[in-house]
Every structure is written in structure tokens, then in C-alpha cells.
Amino acid sequence: MLGVDLQTQETLLKYIGGLHSYLRHTILMFNPTSLDKVCVQATHLEGRGKNTFEEGRNKPPKGKNKEKPSKGKVKKNASIK
């Protein structure tokens with residue numbers, strides 16, 4: 001559409017250079033040869049990163065496993081007059 005050849009080494013390196021640093025470093029370890037392979041790898045790595053973040057986020061912080069009583073306005077022994 002824009003007249004950019006997606007099969008050149010220059011386009012491949014520019015695409016990789018525009019990725020987030022953790023993706024860029026990981027993808028460069030695989031010595032990519034095509035833009036299609038890089039896109040698949042980046043999508044896969046991104047998905048793994050999100051799953052790891054979400055799993056870690058759902059775990060309670062270390063040392064704080066006890067539930068604290070809520071500080072709501074409701075009192076358990078309140079009487080209604």
C-alpha cells in the first residue's frame with residue numbers, strides 16, 4: 001500500500017528495532033530471517049508476558065496472607081432504635 005518492500009533486511013531490522021526492549025533482545029537471539037517469523041515470535045512472547053504478569057498479580061503479596069477486617073460503616077453489634 002505504501003510501497004514498502006516487506007521482504008528486505010532493512011525493513012526487518014526497523015521492525016525489530018521498534019519493538020519493546022525485552023522482545024527485541026529475545027527475538028534477536030533467534031536470528032530471524034523474515035518479517036513473518038518475527039511477527040509470530042513477538043506475538044507469542046507478548047502473550048506469555050501478559051499471562052505471567054496476570055498470574056503474578058493475582059497472588060497475594062508475601063507476608064500478608066492474613067485477611068484484615070474491613071473498615072466499613074457496618075458494625076456487627078449495632079442496635080437499631
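Please refer to the structure higher up on the page.
Quick caveat: nothing in here was measured; it's all calculated off a predicted structure. (Residues numbered from 1 in each chain as written. Predicted model: local features only at pLDDT ≥ 70, side-chain atom pairs only at ≥ 80, totals over all residues. Heavy atoms only, no water.)

Enquirer: What is the right way to look at the overall build of the chain in this model?
Expert: Helix and strand content of the chain: three helices and zero strands. Ordered by position from the N terminus, the helices and strands of the chain form the series α-α-α. Taken over 81 residues, the chain has a buried fraction of 15%. Once local pairs closer than 6 in sequence are excluded, the contacts in the chain between residues at least 24 apart make up 12%. Element-wise, carbon and sulfur atoms account for 56% of the exposed surface of the chain, whose accessible area totals about 8100 Å². (Helix = DSSP H or I, 4+ residues; strand = E, 2+ residues; numbered from the N terminus. Buried < 20%, exposed > 50% of the residue type's maximum accessible area, 1.4 Å probe, protein only. Contact = heavy atoms within 4.5 Å. Areas by Shrake-Rupley, 256 points an atom, 1.4 Å probe, with all protein chains shown as cover.)

Enquirer: Looking at this model, I keep getting lost on the pattern of salt bridges. Mind explaining?
Expert: Oppositely charged side chains may form a pair once their charged atoms are brought near each other. Taken as a whole, this structure holds one salt bridge when the rule is applied. Here Glu10 and Lys14 are joined by a salt bridge, their closest N and O atoms 3.3 Å apart. With a gap of four residues between them, Glu10 and Lys14 both fall in helix H1 (residues 9–17), about one helical turn apart. The class of Lys14 is exposed, set by a relative accessible area of 58%. (Salt bridge = Lys/Arg side-chain N within 4 Å of Asp/Glu carboxyl O.)

Enquirer: What is the right way to look at a nonpolar patch on the surface in this model?
Expert: A surface patch of nonpolar side chains, about 350 Å² in accessible area, is lined by Leu2, Val4 and Leu6. The class of Val4 is exposed, set by a relative accessible area of 51%. (Patch = residues over 30% accessible without salt bridge, like charges linked within 9 Å, V, L, I, M, F, W, Y side chains within 5 Å.)

Enquirer: It is not clear to me how the nonpolar core should be interpreted in this structure. Could you clarify?
Expert: In summary, soluble globular proteins display a tendency toward joint burial of nonpolar side chains. Formed by Leu12, Ile16, Leu19, Leu23, Ile27, Leu35, Val38, Ala42 and Leu45, the largest nonpolar core amounts to nine residues. Of all the secondary structure elements, the ones that give two or more residues to this core are H1, helix H2 (21–28) and helix H3 (35–58). The element contributing the most residues to this core is H3, with four residues. Not counting chain neighbours up to four residues away, the residues in contact with Leu45 comprise Tyr22, Leu23, Thr26 and Ile27. (Core = buried A, V, L, I, M, F, W, Y, C linked by side-chain atoms within 4.5 Å.)

Enquirer: Would you take a moment to explain the environment of Leu23 for this structure?
Expert: Residue position: Leu23 is located in helix H2. For Leu23, a relative accessible area of 4% corresponds to the buried category. Through-space distance from the C-alpha of Leu23 to that of Leu45 is 7.0 Å; in sequence the pair is 22 residues apart. In this structure, Leu23 is in contact with Ala42, Leu45 and Glu46, ignoring residues within four places of it in sequence.

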